[in-house]
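An overview of the molecular structure
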Protein chains: 2
Amino acid sequence: MAASNYEEAERQLRRYLSKNGLRCTVERLAILKSLWENGGHPSAEMIAQSLSKGPLYVSRATVYRTLDLLVEAGLLTCSNLGEGHRHYEINVDHHDHLICRRCGKIIEVRSPEIETLQRKLCKEAGFEPLSHTLEITGLCGACRREIADDGESDNGAWRRSAVRQHGE
Amino acid sequence: MAASNYEEAERQLRRYLSKNGLRCTVERLAILKSLWENGGHPSAEMIAQSLSKGPLYVSRATVYRTLDLLVEAGLLTCSNLGEGHRHYEINVDHHDHLICRRCGKIIEVRSPEIETLQRKLCKEAGFEPLSHTLEITGLCGACRREIADDGESDNGAWRRSAVRQHGE
DNA sequence: GCATGAATTGAGAAGTCATCTCATTCGCTC
DNA sequence: GAGCGAATGAGATGACTTCTCAATTCATGC
Ligand SMILES: [Mn+2]
Ligand SMILES: [Mn+2]
Ligand SMILES: [Zn+2]
Ligand SMILES: [Zn+2]
């Protein structure tokens, strides 16, 4: 289902575009390629900046429009990651995110058991699941150790956004 | 831990405020009360509008500031619900959300098994969880039936935002 | 290859949600 | 009730996203 390399993803995009009477433009290919080359969980802004280092100029409007399209086509996924804007990543295999409130590190985790329980939950509610996001915010191992070392003194640079979004 | 009625929540707020050298203002009480009286998953804007029907004027700035504070104090939780803004709700007992992409209905579900698996996942990653949100988007029972009835004709009014945010 | 026409882009305005600044007001303590 | 520091309101500002429309580009058929 999900592409496992860029070439496959590009074929999948071309198929989606022609099936829907849309055009395969250099901008669309460049944005898809940028995601595969740089990886991670970039925002629209980060993708635009990454593209600006290449030979092809792509406007912000096109970046946003294309990201929507690539999500729609199943080539990307979109999540919030506890910040005030959207993050995109290539849709390889589904996973959930552990987000460190202090350093911002993102740990990707997989749990088929949780997925199964989620489907069960939906079934019981008569709900047809189409997608889901599980985000856990907290402290990564490194930050836990640093806090332990510092004692109570300096709590380091906590990420305001992450703290705010997922208030306990 | 979490309050089970408004009076208890107010006491909890007063305790939090005095402990932190903050003041108990009519605005803060009004916002907390609004959440308990109206329930649901309102946005900051919805809360401001709800308050505007009462005798006390509260500015948008104060609404936003107070919601942050109430989340910090553990009296509210904050989530995105697949839309481009934050939603707040009183923090009674933790639950997850099923969000209908078509009609916007929010179904609250509880799964201790999933919570346990999440803790296990975090432990394995050396991660200390502080909070989490699990949001599943899809189609509620009513919408599934309506779509089945309509055949392929009218797919009804799908919620753009929900569709966009949690792309599969 | 080249004309044709619809899809797409870029520029910039506009919109939404959230935060910030600072003068004024208000709780709290004495 | 005076005094002081915290909190509010008004409005500017900012971050992110969407919209509008003229200009451009891609696909299709000659
Ligand atoms: Mn990821
Ligand atoms: Mn809820
Ligand atoms: Zn960390
Ligand atoms: Zn529905």
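Each value, and the rule that gives it
Residues numbered from 1 in each chain as written. Chains lettered and ligands numbered in written order. Predicted model: local features only at pLDDT ≥ 70, side-chain atom pairs only at ≥ 80, totals over all residues. Heavy atoms only, no water. Least-squares fit on C-alpha atoms with pLDDT ≥ 70 in both. Contact = heavy atoms within 4.5 Å. Donors = N, O, S within 2.8 Å, 3.2 Å for Na, K, Ca; no water. Tetrahedral: all angles 85-135°; square planar, octahedral: opposite > 155°, others 65-115°. Helix = DSSP H or I, 4+ residues; strand = E, 2+ residues; numbered from the N terminus. Buried < 20%, exposed > 50% of the residue type's maximum accessible area, 1.4 Å probe, protein only. Axes fitted to C-alpha atoms, helices over the stretch in contact; angles between N-to-C directions. Parallel < 35°, antiparallel > 145°, perpendicular 65-115°, else oblique. Left-handed = near helix turned anticlockwise from the far one by under 90°. Nonpolar A, V, L, I, M, F, W, Y, C, P; charged D, E, K, R; others polar. Domains from an automatic or database assignment. Buried area = accessible area lost by both parts, 1.4 Å probe. Salt bridge = Lys/Arg side-chain N within 4 Å of Asp/Glu carboxyl O. Polar contact = N/O pair within 3.5 Å; in protein donor to acceptor, adjacent residues only side chain to side chain.

The operation relating chain A to chain B is a screw motion whose rotation component is 180 degrees, with 0.0 Å of axial translation and a residual RMSD of 0.1 Å. The relationship between the two copies is best expressed as a two-fold rotation axis. Considering only C-alpha atoms, the part of chain A nearest the rotation axis is L134 of chain A, at 2.2 Å. Residue by residue, 100% of the interface of chain A is reproduced at the interface of chain B, so both copies engage with the same surface.

All names here are of chain A. The coordination sphere of the zinc ion (ligand 3) contains the protein donors C100 (SG), C103 (SG), C140 (SG) and C143 (SG), at a distance range of 2.2 to 2.4 Å. Of note is the zinc ion (ligand 3), whose four donor atoms meet at the metal with angles of 106 to 114 degrees in an arrangement that counts as tetrahedral. Counting residues between consecutive donors of the zinc ion (ligand 3) along the chain gives the motif C-x2-C-x36-C-x2-C. Highlighted residues: C103 in the loop between β3 (96-100) and β4 (106-109) and C140 in the loop between β5 (128-139) and α6 (141-150), separated in sequence by 37 residues. On the accessibility criterion, C103 (39% relative accessible area) is partly exposed.

Attention now goes to the packing of helix α3 (residues 44-52) of chain B against helix α4 (residues 60-72) of chain B. Residue and element names in this part refer to chain B. At a closest axis distance of 10 Å, the pairing of α3 and α4 adopts a crossing angle of 120 degrees. With respect to α4, the element α3 is oriented oblique. The crossing of α3 and α4 is right-handed. The segment α3 lies against α4, with A44, E45, I47, A48 and L51 engaging R60, V63, Y64 and L67. In terms of residue class, the contact of α3 with α4 is built from seven nonpolar, no polar and two charged.

Right, let's get into the domain arrangement of chain A. Residue and element names in this part refer to chain A. Partitioning chain A into structural domains gives domain 1 (1-93) and domain 2 (94-168). Every contact between the two is made by eleven residues of domain 1 and, on the other side, 14 residues of domain 2. Here domain 1 packs against domain 2, burying approximately 950 Å² in sum over the two surfaces, 48% of which is carbon and sulfur. The largest per-residue losses of area from domain 1 upon contact with domain 2 belong to L81, G82 and D93, which jointly make up 56% of the total buried on that side. Scanning the region where domain 1 abuts domain 2 turns up one salt bridge. Note that R110 and D93 form a salt bridge whose closest N and O atoms lie 2.8 Å from each other. Counting the contacts that link domain 1 with domain 2 gives eight residue pairs in polar contact (both at pLDDT 80 or more).

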